[in-house]
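Here is what each chain is made of, one letter per residue.
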2 protein chains.
Amino acid sequence: MSTIKDVAKIAEVSIATVSRVVNNGPKVGEKTRNKVLKVMADIGYKPNANARALVTQKNTTIGVVIPDLTDPFFASLANGVEKIARQNNMQLLLSTGQVSADSERRAINLLLERQCDAFVVHSKKLADEELISLAQQAPGLILIDRFIEAIQHRCVWLDNFEGGGIAARHLLSLQHTQLACVTSHYSIDDPSLRLQGFSAELARQDKQMVPELIVDAEPNQQGGELATQKLLSKHIPFSAVFVYNDAMAIGVISALEDNGFRVPQDVSVIGFDDVLLSRYSRPKLTTLHYPIEEMAEKAAQLALANCEQVSIHQSSETFKYLPRLVKRESTSALSL
Amino acid sequence: MSTIKDVAKIAEVSIATVSRVVNNGPKVGEKTRNKVLKVMADIGYKPNANARALVTQKNTTIGVVIPDLTDPFFASLANGVEKIARQNNMQLLLSTGQVSADSERRAINLLLERQCDAFVVHSKKLADEELISLAQQAPGLILIDRFIEAIQHRCVWLDNFEGGGIAARHLLSLQHTQLACVTSHYSIDDPSLRLQGFSAELARQDKQMVPELIVDAEPNQQGGELATQKLLSKHIPFSAVFVYNDAMAIGVISALEDNGFRVPQDVSVIGFDDVLLSRYSRPKLTTLHYPIEEMAEKAAQLALANCEQVSIHQSSETFKYLPRLVKRESTSALSL
DNA sequence: TTGAAAGCGATACCAT
DNA sequence: ATGGTATCGCTTTCAA
């Protein structure tokens, strides 16, 4: 691969001049510029981004750490960041953190070594303290889908509690009173917050759940099916189910139908996340839209802004997002 | 951010020594090593990857160019490459090429500037000649999902023609004779190859299609629904449909059911790709598995290998993959 | 308008 | 075992 020296030699100018034309520098003679431009094109010169980054101390990449790309939810997150990257003529440097604290830490470190000054991290495994200290040393680090009070201005997160409340209000407004919940036994935070919000809203309206009608399973379709079996085996009637996420909800619906219940005529089902799946299912899923792409864009912009200003101007802004109810076909009013 | 000099100064050794311990260099005294290690930990030293790349002339990133991350198919592709990257302690540098030739070209160039020596490219818009010349100057460039004879040892691709054949054999073996096809009017290559393979297999078995029963639409769920309307409006009976991809197939099924046809009892439907969706649909989709993740891994390994050996050892290997029939619930034998 | 030269942070070769 | 130093490709003063 040819370097700036090659160009300089062939064009019979100094490397300084070449550098100027590469960067559209201010004072370059018209003829010199054209001569250099021609040589560059001829030999297919491409500036070395590493060398450039080394001297300018700034990187043209923005990093992302997510558990896994195959999950459409995280793919959307990455996509949001990528969009901002592209708008700023930057590229995405991606590390999957998998499920362990170790690999999350490793991924972040790699990004740091790359001098990647802006990056958004989705971490579920790292402890608060570690994240806080990381955030301190890396001003461009933004946490997504996680709220840590000590660094709240660096967090872009969804109000899961309120999400549960919205779901409850929707079901209640449809006259349902016999409510069931299917939750996840993984990653404690989100599921329990959603559940708490749900219960809190019921309480506010002087209703409450039958504890037996709260079951958990793995957060995927099969888990949803299993959970439904458990629910059904209790022989306690229910007319609506609030499910942890859409994948599970699809499982719940198919198990329900396999057992002779029609959705939504006999049982209403509401999911969470609004992933692609929910639009493709039959019946189409009523769910809570998780604006992950929008949040990711915000996080990326924040990360970028935070590196710009060396000042620790710590905007007092806070970045809480609310899920939005998307009424589709899997919920309907209780028919008596 | 602290540099190697800082460490050297504090530890009272030369930067050469620090460099040795960073790289687990061979000859370093035990005490010196520990002293340096301690200082590094204390001040949180992280080697600058850019400087490193500059001098070693090798990059620790592997690039990917895809149209879009939100499409699960491309997400899987990226995931396959990422897996190989991780195995080699590298990271993913990702550029979305969007739909235009310009942005595909731009994405590739950015990767090149980053000295990214290994990368896998999914390009549908760039012309053969351009890709060929690119491949010539970048030995680590591997094309995925595209076959160009002149650089066939740099291509990892799926035999779409044969895929059509497999679909036809499956439907024929189930006694179907009234066949319909729903294809895509986008990106000419894949759809038409699949269709040609389908027809060729029919011909081989002395069958043929009614030309009216071939319709096209956009390659998504809605397109599938629209296409089905068109099909139905012809008032020509058919008992099986070969659909361009899974998303369309889901649309076909729901339109069919909306019009009173049961799947698979009245009409069998077979998709293509085997994306997540196909396992979540009801009935579960019979489809052709596109081993994209496996292909992506292969492509990444190839890219890596090609940069290693400076020799143009041009293995005469070729990398054609075959789709695999996945029988699920949307196809069944014709019942008379 | 152009060139010379000093670094950016690391590696690696040559001494010692 | 350790240190000195040239070098990687580029940007950026400072002179001319």
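Residues numbered from 1 in each chain as written. Chains lettered and ligands numbered in written order. Predicted model: local features only at pLDDT ≥ 70, side-chain atom pairs only at ≥ 80, totals over all residues. Heavy atoms only, no water.

- Per an unreviewed UniProt entry, the recorded name for chain A is Transcriptional regulator, and the organism is Thalassotalea insulae.

Structural notes on the packing of helix H1 (residues 4-11) of chain B against helix H3 (residues 30-43) of chain B
Residues and elements named next belong to chain B.
Item 1. Put simply, H1 and H3 touch, their axes get as near as 9 Å, and they point 125° apart. Compared by their axis directions, H1 and H3 come out oblique. As for the relative orientation of H1 and H3, their crossing is right-handed in sense. On the side of H1, the interface is formed by Asp 6, Val 7, Ile 10 and Ala 11, while H3 contributes Lys 35, Val 36, Val 39, Met 40 and Ile 43.
Item 2. Class assignment of the residues belonging to the contact of H1 with H3 gives a composition of seven nonpolar, no polar and two charged. (Axes fitted to C-alpha atoms, helices over the stretch in contact; angles between N-to-C directions. Helix = DSSP H or I, 4+ residues; strand = E, 2+ residues; numbered from the N terminus. Parallel < 35°, antiparallel > 145°, perpendicular 65-115°, else oblique. Left-handed = near helix turned anticlockwise from the far one by under 90°. Contact = heavy atoms within 4.5 Å. Nonpolar A, V, L, I, M, F, W, Y, C, P; charged D, E, K, R; others polar.)

Some words on the protein's contact with DNA strand C
Item 1. The environment of DNA strand C is made up of 29 residues, and the closest members are Arg 20, Gly 29 and Thr 32 of chain A together with Ile 4 and Ser 19 of chain B.
Item 2. Among the atoms of DNA strand C lying within 4 Å of the protein, the sugar-phosphate backbone contributes 64%.
Item 3. Contact distances for DNA strand C include 2.4 Å between a phosphate oxygen and a side-chain N or O atom of Thr 32 of chain A.
Item 4. Within the contact set of DNA strand C, a base nitrogen lies 3.4 Å away from a backbone nitrogen or oxygen of Ala 51 of chain B.
Item 5. Of all the secondary-structure elements, those providing two or more residues to the surface near DNA strand C are helix H2 (15-22) and helix H4 (49-56) of chain A together with H1, helix H2 (15-22) and helix H4 (49-56) of chain B.
Item 6. Of all the elements, H4 of chain B adds the most residues to the surface near DNA strand C, at five residues. (Near = heavy atom within 4 Å. Polar contact = N/O pair within 3.5 Å; in protein donor to acceptor, adjacent residues only side chain to side chain.)

Things to note about the protein's contact with DNA strand D
Item 1. Neighbouring DNA strand D are 30 residues, the closest being Ile 4 and Tyr 45 of chain A together with Arg 20, Gly 29 and Thr 32 of chain B.
Item 2. Backbone atoms, meaning sugar plus phosphate, form 63% of the atoms of DNA strand D positioned within 4 Å of the protein.
Item 3. Separating a phosphate oxygen of DNA strand D from a side-chain N or O atom of Ser 19 of chain A is a distance of 2.8 Å.
Item 4. Within the contact set of DNA strand D, a phosphate oxygen lies 2.6 Å away from a side-chain nitrogen or oxygen of Tyr 45 of chain A.
Item 5. At the level of secondary structure, the elements contributing two or more residues to the surface near DNA strand D comprise helix H1 (4-11), H2 and H4 of chain A together with H2 and H4 of chain B.

Structural notes on the sheet that holds strand S8 (residues 240-243) of chain A
Residues and elements named next belong to chain A.
Item 1. Strand order in the open sheet formed by four strands is S7-S6-S8-S9, and the pairing between neighbours is parallel. The sheet terminates laterally at strand S7 (214-217) and strand S9 (268-270), the two strands that pair on one side only. On average, adjacent strands in this sheet sit at an angle of 20° to one another, irrespective of strand direction.
Item 2. Summarising the sheet, strand S6 (residues 179-184) and S7 pair through four bridges and their orientation is parallel. The residue of S7 that forms the bridge with Ser 184 is Ala 217. (Pairing = 2+ DSSP bridges.)

Considerations on the nonpolar core
Item 1. Phe 198 of chain A together with Phe 198 of chain B are the most contacted members of the largest nonpolar core, which totals 94 residues.
Item 2. Residue contacts for Phe 198 of chain B: discarding those within four places in its chain leaves Gly 164, Gly 165, Ala 167, Ala 168, Leu 171, Leu 179, Cys 181, Met 209 and Phe 242 of chain B.
Item 3. Within the second largest apolar cluster, 40 residues are counted, among which are Leu 111, Ala 135 and Ile 151 of chain A together with Leu 93 of chain B. (Core = buried A, V, L, I, M, F, W, Y, C linked by side-chain atoms within 4.5 Å. Buried < 20%, exposed > 50% of the residue type's maximum accessible area, 1.4 Å probe, protein only.)

Remarks on the interface of chain A and chain B
Item 1. Facing 53 residues of chain A, the contacting portion of chain B comprises 53 residues.
Item 2. When chain A packs against chain B, close to 4800 Å² is buried across both sides, 52% of that on carbon and sulfur atoms.
Item 3. On the chain A side of the contact with chain B, Gln 91, Tyr 280 and Arg 282 of chain A bury the most area, a combined 16% of that side's loss.
Item 4. Counting across the chain A and chain B interface gives four salt bridges.
Item 5. For Arg 282 of chain A, the salt bridge identified is with Asp 258 of chain B, shortest N-O distance 3.2 Å.
Item 6. The tally of links from chain A across to chain B stands at 23 residue pairs in polar contact (both at pLDDT 80 or more).
Item 7. Among the secondary structure elements, those contributing two or more residues to the side of chain A that touches chain B are H4, helix H5 (72-87), strand S2 (91-96), helix H6 (101-113), helix H11 (246-258) and helix H12 (276-280) of chain A.
Item 8. Of the residues contributing to the side of chain A that touches chain B, the split by class is 22 nonpolar, 18 polar and 13 charged.
Item 9. As judged from the three bridges shared by S2 of chain A and strand S2 (residues 91-96) of chain B, these two strands associate in the antiparallel manner. Pairing of Leu 94 of chain A across the sheet is with Leu 92 of chain B, part of S2 of chain B. (Buried area = accessible area lost by both parts, 1.4 Å probe. Salt bridge = Lys/Arg side-chain N within 4 Å of Asp/Glu carboxyl O.)

Some remarks on the environment of Lys 320 of chain B
All names here are of chain B.
Item 1. In this fold, Lys 320 is placed in strand S11 (residues 319-321).
Item 2. In this structure, the C-alpha to C-alpha distance between Lys 320 and Ile 188, residues 132 residues apart in sequence, is 20 Å.
Item 3. A polar contact of 3.4 Å, which involves the side chain of Lys 320, links it to the side chain of Asp 159.

Description of the UniProt feature "domain: HTH lacI-type" (unreviewed entry) in chain A
Item 1. Within this structure's numbering, the places UniProt gives as "domain: HTH lacI-type" (unreviewed entry) are residues 2-56 of chain A.
Item 2. Between the C-alpha atoms that bound residues 2-56 of chain A there is a distance of 21 Å. The span itself is 69% helix and 0% strand. (UniProt positions renumbered as here; feature names shortened; annotations may be inferred.)

Regarding the domain arrangement of chain A
Item 1. Per the domain assignment, the segments of chain A are domain 1 (4-47), domain 2 (61-158 + 292-321) and domain 3 (160-290).
Item 2. On a C-alpha basis, the centres of domain 1 of chain A and domain 2 of chain A stand 38 Å from each other. (Domains from an automatic or database assignment.)

Things to note about the pattern of salt bridges
Residues and elements named next belong to chain A.
Item 1. This structure, assessed with the given rule, holds 38 salt bridges over all chains.
Item 2. Linking Arg 169 and Glu 201 is a salt bridge whose minimum nitrogen-to-oxygen distance equals 2.9 Å. Here Glu 201 lies in helix H9 (residues 189-204) and Arg 169 lies in helix H8 (residues 160-173), a separation of 32 residues in the sequence.
Item 3. Two residues, Arg 279 and Asp 274, come together in a salt bridge whose shortest N-O distance is 3.7 Å.
Item 4. The class of Arg 279 is partly exposed, set by a relative accessible area of 33%.
Item 5. A relative accessible area of 9% means that Asp 274 is categorised as buried.
Item 6. In this structure, a network of salt bridges that share partners links the residues Glu 162, Arg 169, Glu 201 and Arg 204.

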